[in-house]
Amino acid sequence: MTTAITPAPGATTPASSGSGDGSGTAVRRPKMRRAPRSRAYYLRKLPSVILIGLLLVIEIYPIVWLFLSSFKNQREFLQESTFSLPESWSFDNYVTAWTTGNISQNLLNSVIVTLPSLVFILIFGVAAAFALEVMVWKRRNLTLLLFISGIMIPGQMILVPLFVAYFSLGLTNTYWPMIITYTALGMPLTVFMMTAYFRAVPREVFEASTIDGAGIIRSFWSIGLPMVRNALFTIGLVQFLSIWNDLLISLTFTTNADLRTIQAGLLNFSGEFGQVDYGPLFAGICINVFSLLVVFVFLNQRIMKGLASGALKG
């Protein structure tokens with residue numbers, strides 16, 4: 001049998017014993033309220049808001065205009081105002097661009113050319129940067145300088161000698177001339193950027209792996225490559241956009257229309273005497289632009305991490 005114990009008169013409960021006024025009753029502290037912002041604060045922020053809004057309009061409006069124009073027919077392009085809305089929202093232009101304009105085959109060709117080139121650039125470029133920055137050997141600074149000097153060579157200067165070489169080797173009318181050229185042109189920038197990222201990795205990590213018995217190849221694949229994986233996404237996107245948006249190399253090394261990439265395939269909408277079928281052309285451009293935007297949205301966080309990782313030492 002239990003009996004309830006009641007506090008004696010004048011006694012304080014544990015909850016009230018800690019009160020600050022000694023009266024035995026709990027004291028509530030008033031909630032801190034944020035002071036209302038003055039009008040001067042909003043006036044100081046107004047120029048920044050206007051500037052940001054202006055930049056958003058400059059960036060977003062061309063994309064919106066491009067998308068709306070892809071629904072117009074030829075008469076609307078030639079007779080109506082440039083900024084007028086389409087009369088109908090039919091997807092005939094997209095169907096024409098995908099089938100008659102051969103955009104589907106051009107997209108496939110771009111994927112076939114871009115992916116192998118990107119893989120070769122990343123593998124060879126990262127391995128070369130690891131050897132130039134982490135490994136210690138004679139004349140590595142001179143070798144790095146030779147790699148970087150490739151950035152100063154315009155690609156237009158080497159197109160004719162490369163075309164003659166590819167023709168002599170029997171590689172014309174294949175994807176290999178574009179893949180080899182894109183890989184060679186992408187190596188200098190990749191090596192230059194990756195050496196900066198490897199420079200931010202502490203040397204003690206590689207020294208500890210060597211003490212534990214790891215060879216140079218094991219250190220590269222198990223330690224060096226995982227520590228710069230965010231940088232791979234950043235450099236990979238830069239090289240991806242450079243290859244995907246290229247027009248000159250694709251036109252130079254593809255004499256067969258079935259091998260043209262997306263940028264060269266957009267020329268299919270231009271007639272023999274300069275007449276342009278604007279509706280399907282704008283639809284094809286939209287397919288190209290929005291596909292790249294989707295790739296960027298999915299890799300946005302990785303890109304930001306890669307840009308930040310190379311800015312910190314250790």
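Residues numbered from 1 in each chain as written. Predicted model: local features only at pLDDT ≥ 70, side-chain atom pairs only at ≥ 80, totals over all residues. Heavy atoms only, no water.

Peer 1: Before we go on, may I ask you to explain the nonpolar core in this structure?
Peer 2: The nonpolar side chains of soluble globular proteins are, as a tendency, buried together. Tyr 94, Ile 103, Leu 107, Phe 240, Trp 244 and Phe 269 are the most contacted members of the largest nonpolar core, which totals 20 residues. Among the secondary structure elements, those contributing two or more residues to this core are helix 4 (92-98), helix 5 (103-133), helix 11 (229-244) and helix 14 (278-298). Of the residues forming this core, the biggest block, six residues, is contributed by helix 14. Among residues more than four places away in sequence, those in contact with Trp 244 are Leu 107, Ser 110, Val 111, Thr 114, Ile 262, Gln 263, Asn 288 and Leu 292. If you look at the next biggest cluster of nonpolar residues, it comprises 16 residues, including Ala 129, Phe 130, Phe 206 and Ile 223. (Core = buried A, V, L, I, M, F, W, Y, C linked by side-chain atoms within 4.5 Å. Buried < 20%, exposed > 50% of the residue type's maximum accessible area, 1.4 Å probe, protein only. Helix = DSSP H or I, 4+ residues; strand = E, 2+ residues; numbered from the N terminus. Contact = heavy atoms within 4.5 Å.)

Peer 1: Is there a simple way to explain the environment of Thr 254 in this structure?
Peer 2: Note that Thr 254 resides in the loop between helix 12 (248-253) and helix 13 (262-265). Once residues lying within four places of it in the same chain are set aside, the contact partners of Thr 254 are Met 178, Leu 259 and Arg 260.

Peer 1: I tried to follow the pattern of salt bridges on my own but got confused; where do I start?
Peer 2: Note on pairing: side chains with opposite charge can pair once their charged atoms come close. A full pass over the atoms with the stated rule returns four salt bridges. Residues Glu 80 and Arg 75 are paired through a salt bridge, measuring 3.4 Å at the closest nitrogen-oxygen approach. With its nearest N and O atoms 3.1 Å apart, the salt bridge here joins Glu 133 to Arg 203. Placement of Glu 133 in helix 5 and of Arg 203 in helix 9 (residues 203-211) is noted, with a sequence separation of 70 residues between them. A network of salt bridges, in which partner residues are shared, links Arg 75, Glu 80 and Glu 87. (Salt bridge = Lys/Arg side-chain N within 4 Å of Asp/Glu carboxyl O.)

Peer 1: Please clarify how the packing of aromatic side chains should be interpreted in this entry.
Peer 2: The way to describe two aromatic rings as a pair is by their centre distance and the angle between their planes. What the rule picks out here adds up to 17 aromatic pairs. Following the ring pairs from residue to residue traces out a cluster consisting of Phe 67, Phe 71, Trp 89, Phe 91, Tyr 94 and Phe 290. The ring of Phe 77 is capped by Lys 72, whose NZ or CZ atom sits 5.9 Å from the centre of that ring. (Phe/Tyr/Trp six-rings, centres within 6.5 Å; stacked < 30°, edge-to-face > 60°. Lys NZ or Arg CZ within 6 Å of the ring centre and 35° of its normal.)

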